[in-house]
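An overview of the molecular structure
Residue-level listing of the chains:
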Amino acid sequence: LASFKVAADYCTENNIKFNAYISRSADALDLIRSVAATFNASLIYAGAHVSLVIDRRLTTEQQANFRLYSNANVIQETDESGEVTTPCFSYEGTGKKARTSAVEVSFIDPNLFYKEAKESIEDAVAIERYGYNHKRVRALGCTDRNQARRLGRYILASNTLNTETVSFKVGTEGAMLLPGDICLIADPLKVRFPLGGRVLTGTTTNVILDREPTMALGGNLYLYTYGASGIAQKSKISNISG
C-alpha cells in the first residue's frame, strides 16, 4: 500500500488524472499495468508484494542510493583454457528508425462532448537528426489536453535519451536489484584506465586495495565501496600512499 500511496501523491503533485469507465472484461494484470502506465509507472512483484516503480525525478537521497558494478563483481565467460570469451559489459544501441521524433496522442476531450481528439507533439531537433519517425498512442483515461501533451513529451524524451542498453551477469548480489534501481557501471574500456577491485582490509578512514592505483591524486577522486546494505557508498580520497 505504501507504493500506491506514493503513486497517488505523485499524481496529485503533477496534476495527473485517470477518468474512465471499465465497460468490458479484461485481464486484470494487463488492465492494472495499463492504468499504471498513465502516470509513467511499472508494476512489479517483489518480496511477496505487488508494488509500483514510477519513472520520475529522484530526490538527492535516492540519487545517492545506487548499485556499483565493475570487473570485480560481474561474471566473465571463459573457454576451457581460461581465456575470456566475452567482455564484462556488452553494449547495444537503438536503430535510427526506432527513435521516435513525433507523437500523436489520442485522448477524450470533454469540450467535444467526450469524443476522441488528437494532440500532436514534435521534436524539431530529433526530426532533423533522425528524420520524421511518427508514432500513435492512446492515452487511457485521459480527458485533458495538457496531460496528453505531457505523455507525448515523455515518450519523445524516452526515445531520444534512452538509446543504449548494457548487459552483464552478476552473482547472488544481483537478487537485490529491482526495476528502477540506479546502477553505476565502472567499465575500464569506457574510461581507459583500470576500475574496480577488492578491499583487502579497511577502517573508517583507510583502506588497503588489492593493487596499486594507476592514477595520481589530483582534482576530485572518490572511492566507491559497498556497505553491508549492498548500496554503494561514496568517499572522497584525501591521500594515496603506495
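Refer to the structure printed above.
Overview of the structure. Computed from a prediction, not measured in an experiment: that's the story for all the values here.

Notes on the nonpolar core
- The biggest cluster of nonpolar side chains holds 12 residues, and these are Val103, Val105, Phe107, Ala117, Ile121, Val137, Ala139, Cys142, Ala148, Leu151, Ile155 and Leu156.
- Within the residue set of this core, elements represented by two or more residues are strand S5 (102–109), strand S6 (115–122) and helix H5 (145–161).
- A per-element tally of this core places H5 first, with four residues.
- The contacts of alanine 139, once residues within four sequence positions are left out, are Val105, Ser106 and Leu151.
- Counting 10 residues, the second largest nonpolar core, distinct from the first, contains Tyr10, Ile16, Leu43 and Leu52.

A closer look at unusual backbone geometry
- Backbone geometry places asparagine 15, a non-glycine residue, at a positive phi of 55 degrees.
- One can find asparagine 15 in the loop between helix H1 (2–13) and helix H2 (28–37).
- Located in the positive-phi region is asparagine 40, a residue other than glycine, with phi close to 60 degrees.
- Considering the arrangement of structural elements, one finds asparagine 40 in the loop between H2 and strand S1 (41–46).

Rules and cut-offs
Residues numbered from 1 in each chain as written. Predicted model: local features only at pLDDT ≥ 70, side-chain atom pairs only at ≥ 80, totals over all residues. Heavy atoms only, no water. Core = buried A, V, L, I, M, F, W, Y, C linked by side-chain atoms within 4.5 Å. Buried < 20%, exposed > 50% of the residue type's maximum accessible area, 1.4 Å probe, protein only. Helix = DSSP H or I, 4+ residues; strand = E, 2+ residues; numbered from the N terminus. Contact = heavy atoms within 4.5 Å.

Fair warning: the whole summary comes from geometry, so function is off the table for now.
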